[in-house]
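Coordinate analysis (summary)
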Amino acid sequence: MRGENGVTIRTMRLSTTPLLCAALVFASACATRPPAPVAEDCTYETPLTPGVPGSPGHLVPSDINPNGASELAVRMRGMVADWRTAREALQAGKPVPGLPLLPNHRRIRCSWPTAAEDRNPAYDGMAQAYLAQVRAFDEAPSVKTFNGALTGCAACHEATCGGPLAVIEGLRLH
Ligand code: HEC
């Protein structure tokens, strides 16, 4: 996945570089340029792009929230869906589809929340703790690593907003 993205980004970069560079598309002069950061590498410090769906002033129409959903809220719902799918597979004793989850889930570090100030160092620390659990699940999917990831969700929600805790606890496998 990383490789694919690397190629895409490099192609995009070349289209904005001078023609000479475009002509040297396979030459090392271009190939050795450091690749632009891809979403999988984003951190708390990655600047967010104004105007994308879910950014301030561009909330995504939502059945749940009449004000619309932020980019982060949309991602959270996607994570809930991913864990529901994983839960069903674990219960059925089948391989979990769609792994690894980490490349997508790690984008919670670089998504617009409803209030920009909520993307702060404390949030990012909890995001990284959650993502470590996601990595553990990707590497060895089991009831234990599944519940570990949900503990990562709950830790952040206990500290930020408790509303989704019922959903999180409802997902747990016993
Ligand atoms: C690092 C903190 C953090 C982690 C980890 C986290 N969340 Fe969230 N979550 C938030 C914040 C902050 C919001 C509010 C988003 C916004 O500002 O719009 C949110 C919103 C939500 C929502 C509401 C979305 C909506 O429609 O408004 C749900 C549901 C949710 N999270 C579930 C989860 C689940 C399940 C997990 C784990 C798989 C998880 N969260 C992990 C911080 C976190």
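Residues numbered from 1 in each chain as written. Predicted model: local features only at pLDDT ≥ 70, side-chain atom pairs only at ≥ 80, totals over all residues. Heavy atoms only, no water.

Axis separation between helix H4 (residues 71-92) and helix H7 (residues 143-159) bottoms out at 11 Å; the angle between their running directions is 155°. Here H7 runs roughly antiparallel to H4, going by the angle between their axes. Seen along the crossing, H4 lies across H7 with a hand that is left-handed. In this structure, H4 contributes Met76, Trp83, Ala86, Arg87 and Leu90 to the contact, and H7 contributes Val143, Phe146, Ala149 and His157. The residue makeup of the contact of H4 with H7, split by class, is seven nonpolar, one polar and one charged. (Axes fitted to C-alpha atoms, helices over the stretch in contact; angles between N-to-C directions. Helix = DSSP H or I, 4+ residues; strand = E, 2+ residues; numbered from the N terminus. Parallel < 35°, antiparallel > 145°, perpendicular 65-115°, else oblique. Left-handed = near helix turned anticlockwise from the far one by under 90°. Contact = heavy atoms within 4.5 Å. Nonpolar A, V, L, I, M, F, W, Y, C, P; charged D, E, K, R; others polar.)

Close contact between H4 and helix H6 (residues 121-139) brings their axes to 14 Å; oriented N to C, the two are set at 25°. Considering their axes alone, H4 and H6 lie roughly parallel with respect to each other. For the crossing formed where H4 meets H6, the hand is left-handed. When H4 is examined against H6, the residues Leu72, Met76, Met79, Trp83, Ala86 and Leu90 are found in contact with a partner set consisting of Tyr123, Tyr130, Val134 and Phe137. Grouping the amino acids of the contact of H4 with H6 by side-chain chemistry returns 10 nonpolar, no polar and no charged.

With that out of the way, let us pick up the site of the ligand. What surrounds the ligand is a group of 20 residues, the closest being Met76, Arg77, Cys153, Cys156 and His157. With respect to the ligand, the side chain of arginine 77 contributes an N or O atom lying 2.4 Å from an oxygen atom. The side chain of histidine 157 places a nitrogen or oxygen atom 2.8 Å from a nitrogen atom of the ligand. Among the cavities detected, the one that contains the ligand is the largest pocket. Among the secondary structure elements, those contributing two or more residues to the shell around the ligand are H4, H6 and H7. Partitioning the shell around the ligand into residue classes produces 15 nonpolar, four polar and one charged. (Near = heavy atom within 4 Å. Polar contact = N/O pair within 3.5 Å; in protein donor to acceptor, adjacent residues only side chain to side chain. 1 Å grid on protein atoms, 1.4 Å probe; cavity = no way out; pocket = protein on both sides within 12 Å on 5 of 7 lines; lining within 4 Å. Sits in = over half its atoms within 2 Å of the grid points.)

Attention shifts here to unusual backbone geometry. Cis geometry marks the peptide bond from leucine 99 to proline 100, where omega comes out at 0°. Along the chain, proline 100 turns up in the loop between H4 and helix H5 (102-105).

A few words on H7. Its 17 residues place the ends of H7 25 Å apart at the C-alpha level, agreeing with the 24 Å of an ideal helix rising 1.5 Å per residue. Taken together, the buried positions of H7 are Thr145, Phe146, Asn147, Gly148, Ala149, Leu150, Gly152, Cys153, Ala154, Cys156 and His157. A distance of 3.2 Å separates the backbone nitrogen of lysine 144 from a side-chain oxygen at the start of H7, and that oxygen is part of serine 142. (Expected span 1.5 Å × (residues − 1). Buried < 20%, exposed > 50% of the residue type's maximum accessible area, 1.4 Å probe, protein only.)

Counting 24 residues, the largest nonpolar core has Trp83, Ile108, Tyr130, Val134, Phe137 and Phe146 as the members making the most contacts within it. When residues of this core are traced back to their parent elements, those giving at least two are H4, H6, H7 and helix H8 (165-171). The contacts of valine 134, once residues within four sequence positions are left out, are Trp83, Leu101, Leu102 and His105. (Core = buried A, V, L, I, M, F, W, Y, C linked by side-chain atoms within 4.5 Å.)

The values are spatial; any link to function lies outside them.
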